[in-house]
Each structure stands twice: as C-alpha cells, then as structure tokens.
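Here is how the chains run, residue by residue.
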Amino acid sequence: MVSEKMLALGKSPSKIRDLFEYGNRRKAEIGAENVFDYSIGNPSVEPPEKVREVILELLSTSDSVALHGYTSAQGDREVRQSICDYVNRTHGTSLTADHFYMTCGAAASLTISLRALCAEEGDEFLTFAPFFPEYRVFTESVGGSFDAVPCDPTDFQPDVEALRERLTPKTRGVLINSPNNPSGAVITAGTLTKLCDVLREKSEEFGHPIVLIADEPYRELVYGDVEVPYPMNYYDDTIVCYSYSKSLSLPGERIGYIAVSDRMKDERDVYFAICGAGRSLGYVCAPSLMQRVVSRCQGMTSDVSIYRKNRDILAGALTKYGFRVVQPDGAFYLFVEAMEPSAEAFAERAKEYELLLVPSDSFGLPGFVRISYCVSTEMIERSLPAFEKLAKSYQK
C-alpha cells in the first residue's frame, strides 16, 4: 500500500523533532517556564526591522496578483540578479543570475543538489562528523549512499587525511557545513585549502569531479572577527546551498537558494540538472513574496550579539560546573561532552532536571549532546541551577 522506507521515516521522526514535541507536551503539563528546551535550532531573535518594512510595502503597493503569482521555476530573474550582485560584491565571484536557483530553504537546496549529482543508484556522498542528521535522509532519498569521516574532536576541524583515505571512484560529492551544526565550528581557510587540494587530487585520479557542496545557513552567525571562507574561491567544482532561515530569523518562511560556480566543469549542464532535479522533486517556484523580501534584505542579519551573549553565559557556566565545552565560533549550538559514555542515557538523566538536550549519536559522533542556545537569555539564566544539579549528580 505504501513505501516501507517512507513509513519508517514517518514513524521515526528525527531525534531533534522528537525531543521538541516531548518539550511541547511537558510544557503543557508543568508550564513552559519550568521546561528548559534546548532541542531545536529555531531562532529566538527577531528579524531585522527592514524585513517587516519590506513585507508591508510589498503588500500595500504591489499588484497583488503578480506578487502572489508564480515566478519562473528557478525563481524571479530580478531576485536572482539582486542576490547574484550581492554575492559577487561580497565574495569577489563572477556569477550571473543564471547560476542561481531559488528554493524552499536549505533542505530543498540540499535535496535538489544531491538529486542533480546522483547519476547512478549508490553514488556516494561524504561529510564530516558531527553532521546534521537529515543529510543522511536527503542523500538516501535520491538514491545515493551516505557516510561520514571524523573531525578532530578537540576543535571539530575536518580530518582531511581521513577524507583522502575514504574517497573512492564512486564518490560524487563532499558536503561541508560551516559554521557547523551541531558543533558551531568554523572551517578555517587553512583546513579548507587542504581539503580542496585533496578533492582536486582525487578528482584527477578518478577522472571525474568530486563536487564540494557547501551548506551555509549559518554563514553570518559568527562571533568577533572570525571569517568564514567562501568555498567557491577555493575550489572550482562547488555548489553553495544557502538559506535565510538563520541570518534573517525566517525559518518558517522556507526561502533560500542554490548557487553553482561559474568555474565548475560542465557548469551549464550542472545548472540545468539542478533545474531538472527541482522539477522532478516538485521544488519549483519558491514562495513569491519571500523571494522579493529577501532580495531587498541582502547583507542584513538579526542581532547576532544576543547569540554571542547566550553562548558566553552558557559556556562559561557549564565549564565552571565541570562540563567539557569546545567554544564555538559560530551558529548557535554548544556541543558538550556527556558525563557518561552513553549520550542517550545522559540526555535522559538531563530530563529529570527538565533540561532537553539532543544526544549526539544521530550526528555521527557519540558521547556528546547538542545544546541550542537560540533561546531567551532569561531562560538560559533560569536553567543554570538545573545544569549544576545535573553535573553534581555525576560528581556524586
């Protein structure tokens, strides 16, 4: 009657979503103020005021039929040109509007890109652990195989030599995510240079390009003077998957894009494969209103200083209580080592103190929990005694 694979996915939601729903039930039982929900990466900072202004202006002055009508399948051309101009100006690239495909957020960007590159059943796509768990779902849903190689557990930089050993002629793409979900680590220019050198070496050896797929919804969420290298400037065969969910605090609006490097081998064919994959998956004509909104809000971000404040409060307190915390340079997650071998058991014990922490097994690196600090600063401060009690329960 139905696909067994899809049935299994539907009955077994991601650990993140499952914990999020548990939190909702728990809040209904004992009150939201008594639950410390660090489960989901749902931005807690308001969008820039410009977003609201543009929405109101468009709704009050535009032709409503055109505003809410279909755009071109790959997105409105003026929107794509606006985004293209910004990317070229910011990163020194030489893209055109016809290197961009508007999407319903990063999930659609990734799924379309993977579908476009997966030429044969079982084509291989690799990433680095820890990784966003849905990468596996997206890859396997388009017929690819998925695997991960480790990062250095002290700083979560990709292990480039481990990647070199793992690449095979079946490898079609390598997925990177910087700043990273769940670790908050930013891949340095030095690491990215080494990684791209390996991809060039192996592409030549195998006789076909290994595409670098850069998942970049957190690009603007960095702290201090940390810089996020732009992958297209390091490697020709690059696809960038971008979302405005985090930078503009618009996760529910589902708007983003795919950018195909103009220096990629057979770049026109790759772009048309992107268009074909979008068509086959039904991901055409991203939300018309939001396309126009983001095109006029290029370069803006929500107030990142709030996330930095949250990070500093939480990381400082957890370190004081005895947790091992690798200070993140970006995104809004702490990846904290569990105080026992099983992250699942640790997360279950945390629930006793109404702390909702995501165990790391599905992220490909056991022994940690992810803490999403895109929550109110006030909630973080109220939760600190619970974290201290959790730590002391192990010290006993």
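As a reminder, the structure under discussion sits directly above these lines.
For clarity, every value in this text was computed on a predicted model and none was experimentally measured. (Residues numbered from 1 in each chain as written. Predicted model: local features only at pLDDT ≥ 70, side-chain atom pairs only at ≥ 80, totals over all residues. Heavy atoms only, no water.)

(A) Seen up close, the layout of surface pockets. Considered as a void within the structure, the largest pocket measures approximately 650 Å³ in volume. Taken together, 29 residues line the largest pocket, and the ones lying closest to its centre are Arg17, Gly41, Phe132, Lys246 and Arg254. Elements with a minimum of two residues in the lining of the largest pocket: helix 2 (15–30), helix 6 (105–117) and helix 7 (134–141). Here the lining of the largest pocket gets four residues from one element, more than from any other, and that element is helix 6. Its residues assigned to classes, the lining of the largest pocket comprises 14 nonpolar, nine polar and six charged. (1 Å grid on protein atoms, 1.4 Å probe; cavity = no way out; pocket = protein on both sides within 12 Å on 5 of 7 lines; lining within 4 Å. Points joined across faces, edges and corners; volume = space filled by probe spheres on them. Helix = DSSP H or I, 4+ residues; strand = E, 2+ residues; numbered from the N terminus. Nonpolar A, V, L, I, M, F, W, Y, C, P; charged D, E, K, R; others polar.)

(B) Representation of the packing of helix 6 against helix 10 (residues 267–281) within the structure. It is at 8 Å that the axes of helix 6 and helix 10 come closest, and there the two elements cross at 115°. Comparing the axis directions of helix 6 and helix 10 gives the class roughly perpendicular. Read as a crossing pair, helix 6 and helix 10 show a hand that is right-handed. For the pair helix 6 and helix 10, the contacting residues are Thr111, Ile112, Ser113, Arg115 and Ala116 in the first and Ala273, Ile274, Ala277, Gly278, Ser280 and Leu281 in the second. Of the residues belonging to the contact of helix 6 with helix 10, the class tally is six nonpolar, four polar and one charged. (Axes fitted to C-alpha atoms, helices over the stretch in contact; angles between N-to-C directions. Parallel < 35°, antiparallel > 145°, perpendicular 65-115°, else oblique. Left-handed = near helix turned anticlockwise from the far one by under 90°. Contact = heavy atoms within 4.5 Å.)

(C) Representation of the pairing of strand 4 (residues 145–150) within the structure. When strand 3 (residues 124–129) meets strand 4, the two strands line up parallel, connected through six bridges. The partner of Thr127 across the bridge, within strand 4, is Ala148. In this view, the connection linking strand 3 to its parallel neighbour strand 4 by way of helix 7 has right-handed handedness. (Pairing = 2+ DSSP bridges. Right-handed = clockwise from strand over helix to strand, strands pointing away.)

(D) Focus on the nonpolar core. Within the largest apolar cluster, 48 residues are counted, with the highest numbers of intra-cluster contacts made by Leu163, Leu167, Leu199 and Tyr257. Element by element, the count of residues in this core is highest for helix 9 (residues 189–206), at six residues. Formed by 38 residues, the second largest nonpolar core is a distinct cluster that contains Phe36, Val45, Val304 and Ala317. (Core = buried A, V, L, I, M, F, W, Y, C linked by side-chain atoms within 4.5 Å. Buried < 20%, exposed > 50% of the residue type's maximum accessible area, 1.4 Å probe, protein only.)

(E) How the structure looks around helix 6. Between the first and last C-alpha of helix 6 there are 19 Å, a value that for 13 residues agrees with the 18 Å anticipated at 1.5 Å per step. Burial of helix 6 is extensive: 10 of the 13 residues sit out of reach of the surface. Taken as a whole, helix 6 has its buried residues at Gly105, Ala106, Ala108, Ser109, Leu110, Thr111, Ile112, Ser113, Leu114 and Leu117. (Expected span 1.5 Å × (residues − 1).)

(F) Seen up close, empty space enclosed by the protein. Per the stated rule, a full pass over the model turns up two cavities of 30 Å³ or more. In this model, the largest cavity occupies a volume close to 120 Å³. Residue lining of the largest cavity: 16 residues in total, with Phe128, Pro158, Asn177, Asn180 and Ile187 positioned closest to the centre. At the level of secondary structure, the elements contributing two or more residues to the lining of the largest cavity comprise strand 3 and strand 5 (171–177). In terms of residue count, the dominant contributor to the lining of the largest cavity is strand 5 (three residues). Considered class by class, the residues forming the lining of the largest cavity number 12 nonpolar, four polar and no charged. Within this model, the second largest cavity holds a volume of roughly 30 Å³. Lining the second largest cavity, in full, are Ile176, Ser178, Ile187, Leu192, Glu216, Pro229 and Pro231. Its residues assigned to classes, the lining of the second largest cavity comprises five nonpolar, one polar and one charged.

(G) Region of interest: the sheet that holds strand 4. Strand order across the open sheet formed by seven strands is 2-8-7-6-5-3-4, with mixed pairing between neighbours. One side of each edge strand has no neighbouring strand; the edge strands of this open sheet are strand 2 (100–103) and strand 4. In this sheet, adjacent strand axes meet at a mean angle of 20° when their direction is disregarded. Sheet topology places strand 2 next to strand 8 (residues 256–260); four bridges connect them, and they run antiparallel. Residue pairing in the sheet places Thr103 in a bridge with Gly256 of strand 8. Where helix 6 meets the sheet, its contacts fall on strand 2, strand 3, strand 5, strand 6 (211–215), strand 7 (238–243) and strand 8, and the angle it forms with strand 7 comes to roughly 155°.

(H) Up close: the pairing of strand 9 (residues 333–337). Burial runs high along strand 9: four of the five residues are buried. Relative to strand 12 (residues 368–372), strand 9 is paired through five bridges, and the arrangement is antiparallel. Following the sheet pairing, Tyr333 is matched in strand 12 by Ser372.

(I) View of the pattern of salt bridges. With the rule as written, the count across this model stands at 24 salt bridges. A salt bridge links Arg164 to Glu201; its shortest N-O distance comes to 2.5 Å. In this pair, Arg164 sits in helix 8 (residues 160–166) while Glu201 sits in helix 9, placing the two residues 37 residues apart along the sequence. A residue is classified by how much of its surface remains accessible, and Arg164, at 21% relative accessible area, is partly exposed. In this structure, Arg324 engages Glu337 in a salt bridge whose closest nitrogen and oxygen atoms are separated by 2.5 Å. Taken together, the residues Arg324 in the loop between helix 12 (304–321) and strand 9 and Glu337 in strand 9 connect sequence positions 13 residues apart. Taking the relative accessible area as the measure of exposure, Glu337 reaches 31% and is therefore partly exposed. Salt bridges linked by common partners bring Arg26, Glu29 and Glu354 together as one network. (Salt bridge = Lys/Arg side-chain N within 4 Å of Asp/Glu carboxyl O.)

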